[in-house]
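Residue-level structure breakdown
Here is how the chains run, residue by residue.
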Protein chains: 2
Amino acid sequence: MQFETLMINGTVITVNADFDIIENGAVGVSGGRIDYVGPVSGVSVGDAARVLDAEGGLIMPGLVNTHTHLPMSLFRGLADDLDLDKWLNNHIFAAEKNHLSPETAKSGALLSCAEMLLSGTTTCCDGYFFEDAVAEAVEQAGLRAVLGQGIIDFPAPGVPDPKKNIEHAGDFIKKWKNRSTLITPSVFCHSPYTCSDTTLIRAKEIAKREGVLFQVHLAETRNEHDLIGLSKDITPVAYMDGLGVLDEKTLAVHAIWVNAADIEILANRQVGISHNPESNMKLASGIAPVHEMLAAGLAVGLGTDGNASNNNLDMFSEMGTVAKLHKVVRHDPTVIDAKCVIRMATIEGARAIGLSEVTGSLETGKFADLIVIDTRKPHLFPLYHPQSHIVYSARGADVRHLMVAGNFLVEDSRLTKLDVNEIMDNVNAIAARIRR
Amino acid sequence: MQFETLMINGTVITVNADFDIIENGAVGVSGGRIDYVGPVSGVSVGDAARVLDAEGGLIMPGLVNTHTHLPMSLFRGLADDLDLDKWLNNHIFAAEKNHLSPETAKSGALLSCAEMLLSGTTTCCDGYFFEDAVAEAVEQAGLRAVLGQGIIDFPAPGVPDPKKNIEHAGDFIKKWKNRSTLITPSVFCHSPYTCSDTTLIRAKEIAKREGVLFQVHLAETRNEHDLIGLSKDITPVAYMDGLGVLDEKTLAVHAIWVNAADIEILANRQVGISHNPESNMKLASGIAPVHEMLAAGLAVGLGTDGNASNNNLDMFSEMGTVAKLHKVVRHDPTVIDAKCVIRMATIEGARAIGLSEVTGSLETGKFADLIVIDTRKPHLFPLYHPQSHIVYSARGADVRHLMVAGNFLVEDSRLTKLDVNEIMDNVNAIAARIRR
């Protein structure tokens with residue numbers, strides 16, 4: 001047999017450099033990797049151990065969510081429509097302090113994994129505390145992920161002594177490095193306003209030494225400049241550049257309050273960007289200059305942010321939002337078109353988090369991380385242009401099948417490996433305690 | 001039997017004046033109307049011909065979509081990411097001219113009805129050409145609707161002679177008046193830049209004479225003022241007020257480019273507003289000052305606009321968007337909170353289109369237009385506040401049951417009356433011709 005799995009009778013959205021779309025297409029998988037992408041006529045179903053009929057659906061790369069805090073699903077909808085400081089101080093920090101443990105963090109992360117898989121995400125980039133528990137959940141779920149143990153200059157859940165933060169983060173990397181092809185450890189340094197210059201520099205040193213991604217929230221709110229205590233003529237991005245922490249292995253999350261000079265710095269340093277439009281809108285943080293960042297050649301991926309601030313991990317929703325938001329803000333309906341959005345949600349996200357060699361597009365040699373969208377639904381009829389439906393009409397619930405590295409994790413809209421009822425019941429029990 | 005149908009074991013979101021939420025609630029239906037809303041403990045299942053167990057889901061009023069062009073689903077995704085004039089002139093007008101007939105309009109409208117029902121909409125307010133065909137589709141689907149035959153000073157699909165537009169619109173009202181409790185005819189006068197002052201006045205006269213709603217696109221684009229040819233000191237809203245066409249039976253659709261004086265005029269005249277955030281974003285039309293309009297006491301409902309410009313009729317998506325959009329635009333995460341959004345999508349929408357006496361909330365005496373949301377899904381766990389999940393986490397696909405005037409039109413996420421495969425196949429055949 002040439003293929004472990006052969007998918008046939010779908011329209012294949014390759015998201016390769018030419019954005020080739022193949023009608024009556026097929027994708028062959030061997031050894032967990034893509035071995036064939038082309039017309040159905042180029043393969044024989046007799047060459048496959050298993051044949052999956054996409055029944056006219058869309059076969060596309062699995063979505064890459066470049067920013068999550070997976071355990072925070074425990075706090076989904078706990079408090080909304082509040083000022084950021086009230087939301088954080090009166091609700092989120094209290095809930096984290098009183099209810100987070102490795103066990104509850106894992107339960108929350110498993111819930112997030114279930115939600116992500118059912119809505120088409122095959123890769124996420126996460127940063128949180130108790131990241132060991134997150135890694136266990138992700139490993140159990142079978143997702144691909146870049147994970148970072150949080151570093152912050154305050155007592156954090158599970159790390160009461162901030163002095164030990166960097167050590168913990170280093171231990172996490174050592175533990176998870178080379179353990180699996182699916183999990184890539186990284187450093188998650190919270191932000192320039194919650195970490196001192198020394199902490200930022202030391203955290204980046206570890207990331208450099210280990211050759212891993214350095215994730216950091218950057219330029220999220222308008223007052224970040226004042227919170228850091230910067231002089232008038234320096235921006236948060238320029239400050240971070242001065243510390244030497246910006247390079248091609250840095251992921252700047254949010255990057256909202258950046259000016260033209262900042263974008264030039266970010267482009268020169270080849271920093272990856274995680275754009276989180278729905279979280280930024282809901283928390284009224286601001287609107288990142290995505291059009292300008294893309295024009296500067298930056299790798300801009302999409303992210304949902306944590307479920308406490310979004311309140312969902314549906315990348316289809318995020319795609320629809322990013323396409324529409326920047327059009328109205330720029331008074332130009334031609335910007336951030338459907339193909340651009342799909343790139344952001346797949347290959348550009350993979351590039352931003354350092355995984356574009358292994359995932360983010362359907363090309364031979366890459367891991368078989370892909371989804372099949374069921375288009376036989378009224379809201380996806382008629383179908384003139386697949387890219388339009390993916391961005392403007394489809395929802396996470398339209399994902400019928402999902403595969404990571406050749407393994408089916410969702411079949412016929414059901415999870416194959418995770419027990420969704422057990423996960424939901426565990427989370428309910430934790431939520432009952434939080435409610436009290 | 002006291003009840004035809006009794007729904008039990010749900011959390012009831014009444015959307016009454018106090019926004020009462022009833023845990024372990026029940027809704028009883030008799031003669032198509034709501035006969036009981038309260039705790040399960042207040043009713044006996046023996047009193048009902050049929051008992052429906054909501055299984056812990058959310059029971060809420062069906063959603064009210066205040067602006068649609070139902071047949072335009074035929075053109076969903078035909079052309080996106082274009083300047084408005086290119087989109088209209090090169091694609092939409094051509095497709096309408098060459099492919100619209102009463103038969104194709106009905107097919108498109110049926111597709112829209114299927115999509116609306118499956119995503120929780122029980123009432124829509126539509127305006128288009130071939131509105132007779134739309135009415136037939138809506139009647140077949142069993143939806144509640146306000147429908148208006150289009151009036152425009154140009155040759156329109158099915159009405160080559162603009163002089164006959166007003167006569168056609170009058171005939172439509174006569175035909176559909178008092179024919180059904182579900183269909184309420186109205187006048188749909190396209191806009192002040194496509195209709196002369198004489199046409200606007202005459203169309204409003206018919207609406208007044210028949211006592212029906214006068215729908216009109218108003219202040220949608222920045223250049224509408226110039227298109228109408230107004231002098232510098234007059235706005236489109238002031239112009240319309242000068243014509244005497246603004247009153248409590250007028251629905252102003254979009255109302256984006258309105259200033260403080262315009263809002264005062266709209267409030268004094270008690271004009272209803274249809275806010276279409278996703279369409280306005282996608283077409284880069286602008287962002288309506290919803291917060292200010294609500295503060296002025298205006299009835300602001302939500303609408304999706306037609307599927308050619310949105311490209312979906314999912315009111316859950318629209319709810320999530322409206323909540324987040326105005327927060328980021330106003331730099332304030334506390335505005336347009338979840339309860340406000342739910343009101344806009346139900347009772348305020350009903351008020352804007354003149355149906356708040358019969359639908360839009362779960363209160364005894366109103367028609368039983370309601371939906372049950374299945375919350376036993378990972379993305380709706382845990383559940384702290386139902387209003388939060390409805391706005392920020394749920395999707396149209398989470399609607400499990402839907403009822404209009406006591407009739408189940410969706411059960412277990414399937415249409416009970418419409419043949420969805422036949423509808424999709426018919427639309428596919430039309431789309432094949434459009435593609436050529």
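Residues numbered from 1 in each chain as written. Chains lettered and ligands numbered in written order. Predicted model: local features only at pLDDT ≥ 70, side-chain atom pairs only at ≥ 80, totals over all residues. Heavy atoms only, no water.

1. Topic: the sheet that holds strand β8 (residues 144-151) of chain A
Two modes of strand pairing occur in sheets, parallel and antiparallel, and in both the strands are linked by backbone hydrogen bonds. Residues and elements named next belong to chain A. We count it as follows: Any two strands are treated as partners once DSSP identifies two or more bridges connecting them. Note on conventions: DSSP H or I runs of at least 4 residues are helices, E runs of at least 2 residues are strands, and numbering of each starts at the N terminus. Convention adopted: a line fitted to C-alpha atoms gives each axis, helices being fitted over their contacting stretch, and angles between N-to-C directions are expressed from 0 to 180 degrees.
With respect to topology, 8 strands assemble into an open sheet ordered β6-β7-β8-β9-β10-β11-β12-β13, the strand pairing being parallel. This sheet does not close on itself; its edge strands, each paired only once, are β6 (63-68) and β13 (300-302). Each strand of the sheet is rotated relative to its neighbour by a mean of 25°, with strand direction disregarded. Here strand β9 (residues 183-189) runs beside strand β10 (residues 214-218); their pairing, made up of 3 bridges, is parallel. In the strand pairing of β10, Phe188 is matched with Gln215.

2. Examining the relation of the copies chain B and chain A
Cut-off, in case you're wondering: Alignment of the copies relies on least squares applied to C-alpha atoms, considering only residues that score at least 70 for pLDDT in both. Whether two residues are in contact is decided by their heavy atoms, any of which lying within 4.5 Å being enough.
You can overlay chain B on chain A at an RMSD of 0.0 Å; the transform is a turn of 180° with a shift of 0.0 Å along its axis. Each copy turns onto its partner about a two-fold axis. Closest to the rotation axis within chain B is the C-alpha of B:Ala397, separated from it by 3.3 Å. Taken together, the interface assignments show that 100% of the residues at the interface of chain B recur at the interface of chain A, consistent with an identical surface on both copies.

3. With respect to the sheet that holds strand β10 (residues 214-218) of chain B
All names here are of chain B. Reading across from one edge, β6-β7-β8-β9-β10-β11-β12-β13 is the order of the 8 strands in this open sheet, with parallel pairing throughout. Of all the strands in the sheet, the pair left with one neighbour each is β6 (63-68) and β13 (300-302). Taken over all neighbouring pairs, the strand axes of this sheet differ in orientation by 25° on average, direction set aside. Judged from the 6 bridges that link them, strand β7 (residues 121-128) and strand β8 (residues 144-151) form a sheet pairing that is parallel. The residue of β8 that forms the bridge with Thr123 is Arg144. Taken strand by strand, helix α4 (residues 165-176) contacts β8 and β9 (183-189), and its axis lies near 160° from that of β8.

4. What to know about helix α1 (residues 84-99) of chain B
For the record, the criterion: The angle between axes fitted to the seven-residue stretch ending at a residue and the seven-residue stretch beginning at it gives the bend at that residue. Here the term buried applies to any residue with accessible area under 20% of the maximum for its type, exposed to any over 50%, and partly exposed to those in between, with areas from a 1.4 Å probe on protein chains only.
Maximal helix bending in α1(B) amounts to about 30°, located at B:Ile92. Residues of α1(B) that are buried: B:Trp87, B:Ile92, B:Ala95 and B:Glu96.

5. A look at the interface of chain B and chain A
Frequently, the measure chosen for interface size is the accessible area that the parts lose on association. The cut-off we apply is this: Note: buried area is the sum, over both parts, of the accessible area (probe 1.4 Å) each one loses when the two are combined. Salt bridge, as used here, is a side-chain nitrogen of Lys or Arg placed within 4 Å of a carboxyl oxygen of Asp or Glu. Under this definition, polar contacts are N or O atom pairs within 3.5 Å; protein pairs additionally need one hydrogen-donor-capable and one acceptor-capable atom, and for neighbouring residues in sequence, both atoms have to be side-chain atoms.
Facing the 65 residues of chain B at the interface are 65 residues of chain A. For the pair chain B and chain A, the summed buried surface comes to about 5,300 Å²; carbon and sulfur atoms form 60% of the total. Where chain B meets chain A, there are 8 salt bridges. B:Arg376 is paired through a salt bridge with A:Asp425; the nearest N and O atoms lie 3.1 Å apart. Connecting chain B to chain A are 32 residue pairs in polar contact (both at pLDDT 80 or more). At 9 residues, the largest contribution of residues to the side of chain B that touches chain A is made by helix α15 (residues 420-435) of chain B.

6. What to know about the packing of aromatic side chains
Going by this rule: When the centres of two rings from Phe, Tyr and Trp lie within 6.5 Å, Trp using its six-membered ring, the rings pair. Their planes under 30 degrees apart give stacked, over 60 give edge-to-face, and anything left gives tilted. As a reminder, the over-ring test applies to NZ of lysine and CZ of arginine, requiring each to be within 6 Å of the ring centre and within 35 degrees of the ring normal.
For the structure shown, the criterion picks out 6 aromatic pairs over all chains. Look at B:Tyr128 and B:Phe129: their rings are 5.7 Å apart centre to centre, the planes differ by 50°, and that puts the pair in the tilted class. Residue classification places B:Tyr128 among the buried residues on the basis of a relative accessible area of 3%. For B:Phe129, a relative accessible area of 7% corresponds to the buried category. One residue, A:Arg179, lies across the ring of A:Trp176, its end atom 4.0 Å from the ring centre.

7. Quick look at the domain arrangement of chain A
Residue and element names in this part refer to chain A. Short version of the rule: For the domains described, the bounds stem from an automatic or database domain assignment.
According to the domain assignment, chain A consists of domain 1 (3-61 + 359-415) and domain 2 (63-352). Once you take the C-alpha centre of each, domain 1 and domain 2 turn out to be 28 Å apart. Listed as interface residues are 33 residues of domain 1 and, on the opposing side, 31 residues of domain 2. Buried surface at the junction of domain 1 and domain 2, both sides included, amounts to about 2,400 Å², of which 72% is carbon and sulfur. When the area that domain 1 buries against domain 2 is broken down by residue, the three leading residues are Phe19, Val391 and Tyr392, summing to 23%. The tally of links between domain 1 and domain 2 comes to 1 salt bridge. Linking Asp369 and Arg144 is a salt bridge whose minimum nitrogen-to-oxygen distance equals 2.6 Å. Linking domain 1 to domain 2 there are 5 residue pairs in polar contact (both at pLDDT 80 or more).

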